[in-house]
Amino acid sequence: MDEPTILLTNDDGIESAGLRALYDGLSTVGDVTAVAPAEDQSAVGRAISHEVTVHDHEMGYTVEGTPSDCVVAGLEALVTDADLVVAGCNRGANLGAYVLGRSGTVSAAVEATFFDVPAMAVSMYIPVREDAAFSDIEANGDSYDEAARATTYLADHAIDAGVFEQCDYLNVNAPVAEWGEAPMTVTRPSHLYEMDAVREGDAVTLHDRIWEHMAEGDIPDPEGTDRRAVVDGQVSVSPLTAPHTTEHHEALDALAETYEPEDGEAADDESADSEAAN
């Protein structure tokens, strides 16, 4: 295809270094318009608004709303001819099956798939324990070079290569650029889950212990998973599908068949059957 039209969004806000890094990189292979939140919208999932305010920006538009708001507003009203949606680059990794529904970055990519527009969610892994704020970690524009390089490569080649004929979106996680150029590997989301909670008085602290394992390089994730790849210094690319699927379950069929409505409902059904017969 000719130079793609790319809608770029994120959840860290339009002024983030990660979004600027992708904007600069993607502009070398496509026509890029940013449609990004005015403020940080991290971990909002697919939250959606009824109405949002839009402002012009040098890279495109700012939206006073969520990442999903940006995608819907962008594809329906602002960049209606987009060939690709890219969300990122997020400050911090989005790894594992359990994270996919929480992340505003990933949710923006998922939202795009319901418009039948290919999408990528892009994040940068920062080796840090959960008790250290990401805002305290140095991550300037240069830190995102590896993520920008991988994203630009995929944006330039994935559509023509038929990648999106077999998946709906790509979840991309890259290491910090200071680690050196990283190979790209195709992965699947890890199923490891180590959330726990501790109560102290009236407060309950929720704790994701996987960040500690990652910071120490001591993770049980097997080869082929997204988390293992980034800890090993690779660019992880997971091809994923978005819509929830249903399967035939004989046990549930049996329950549905033996379900008995209340007497009133049964009477209503009999009355309806009688009227239909007449």
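Treat the numbers as computed from the prediction; the structure is a model and nothing was measured.

**Side note on the pattern of salt bridges**
Point 1. On inspection of all chains with the given rule, the structure shows 6 salt bridges.
Point 2. Of the charged contacts, one joins Glu-111 and Arg-46 as a salt bridge, the two residues approaching to 2.9 Å between their closest N and O atoms. Taken together, the residues span a long stretch of sequence, with Glu-111 in helix H3 (residues 104-113) and Arg-46 in the loop between strand S2 (31-37) and strand S3 (54-57) at a distance of 65 residues.
Point 3. When its relative accessible area of 10% is taken as the criterion, Glu-111 is described as buried.
Point 4. Notably, a salt bridge pairs Asp-232 with Arg-228, separated by 3.6 Å at the nearest N-O pair.

**Structural notes on the packing of helix H1 (residues 17-26) against helix H4 (residues 145-157)**
Point 1. H4 packs onto H1 with a crossing angle of 40° between their chain directions and a minimal axis gap of 9 Å. What the angle tells us is that H1 and H4 run oblique. The crossing of H1 and H4 is right-handed. Residue-level inspection shows Ala-21, Leu-22, Gly-25 and Leu-26 of H1 in contact with H4, the latter providing Ala-147, Ala-148, Thr-151, Thr-152 and Ala-155.

**Things to note about the UniProt feature "binding site: a divalent metal cation" (unreviewed entry) in the protein chain**
Point 1. As annotated by UniProt and renumbered to match this structure, "binding site: a divalent metal cation" (unreviewed entry) occupies Asp-11, Asp-12, Ser-42 and Asn-90. The greatest C-alpha distance among the annotated residues, which extend across 80 residues, is 8.9 Å, indicating that they converge on a single site.
Point 2. Using a relative accessible area of 36% as the deciding quantity, one classes Ser-42 as partly exposed.
Point 3. Sequence-distant contacts of Ser-42, that is, excluding residues within four places in its chain, are made with Asp-11 and Asp-12.
Point 4. Along the chain, Asn-90 falls in strand S5 (residues 84-91).
Point 5. According to the relative accessible area criterion, Asn-90 is buried, its value standing at 9%.

**Side note on the nonpolar core**
For soluble globular proteins, nonpolar side chains are generally found buried alongside one another.
Point 1. Ranked by internal contacts, the top residues of the largest apolar core, which has 36 residues, are Leu-8, Leu-22, Leu-26, Val-86, Met-120, Val-122 and Leu-170.
Point 2. In this structure, Leu-7, Val-35, Val-117 and Tyr-169 belong to the second largest nonpolar core, which totals 22 residues.

**Topic: the side chain of Ser-238**
Point 1. Relative to the elements of secondary structure, Ser-238 occurs in strand S11 (residues 235-240).
Point 2. When its relative accessible area of 1% is taken as the criterion, Ser-238 is described as buried.
Point 3. Beyond its immediate stretch of four places on either side in the chain, Ser-238 contacts Tyr-169, Leu-170, Asn-171, Thr-187, Arg-188, Pro-189 and Asp-226.

Scoring rules and cut-offs
Residues numbered from 1 in each chain as written. Predicted model: local features only at pLDDT ≥ 70, side-chain atom pairs only at ≥ 80, totals over all residues. Heavy atoms only, no water. Salt bridge = Lys/Arg side-chain N within 4 Å of Asp/Glu carboxyl O. Helix = DSSP H or I, 4+ residues; strand = E, 2+ residues; numbered from the N terminus. Buried < 20%, exposed > 50% of the residue type's maximum accessible area, 1.4 Å probe, protein only. Axes fitted to C-alpha atoms, helices over the stretch in contact; angles between N-to-C directions. Parallel < 35°, antiparallel > 145°, perpendicular 65-115°, else oblique. Left-handed = near helix turned anticlockwise from the far one by under 90°. Contact = heavy atoms within 4.5 Å. UniProt positions renumbered as here; feature names shortened; annotations may be inferred. Core = buried A, V, L, I, M, F, W, Y, C linked by side-chain atoms within 4.5 Å.

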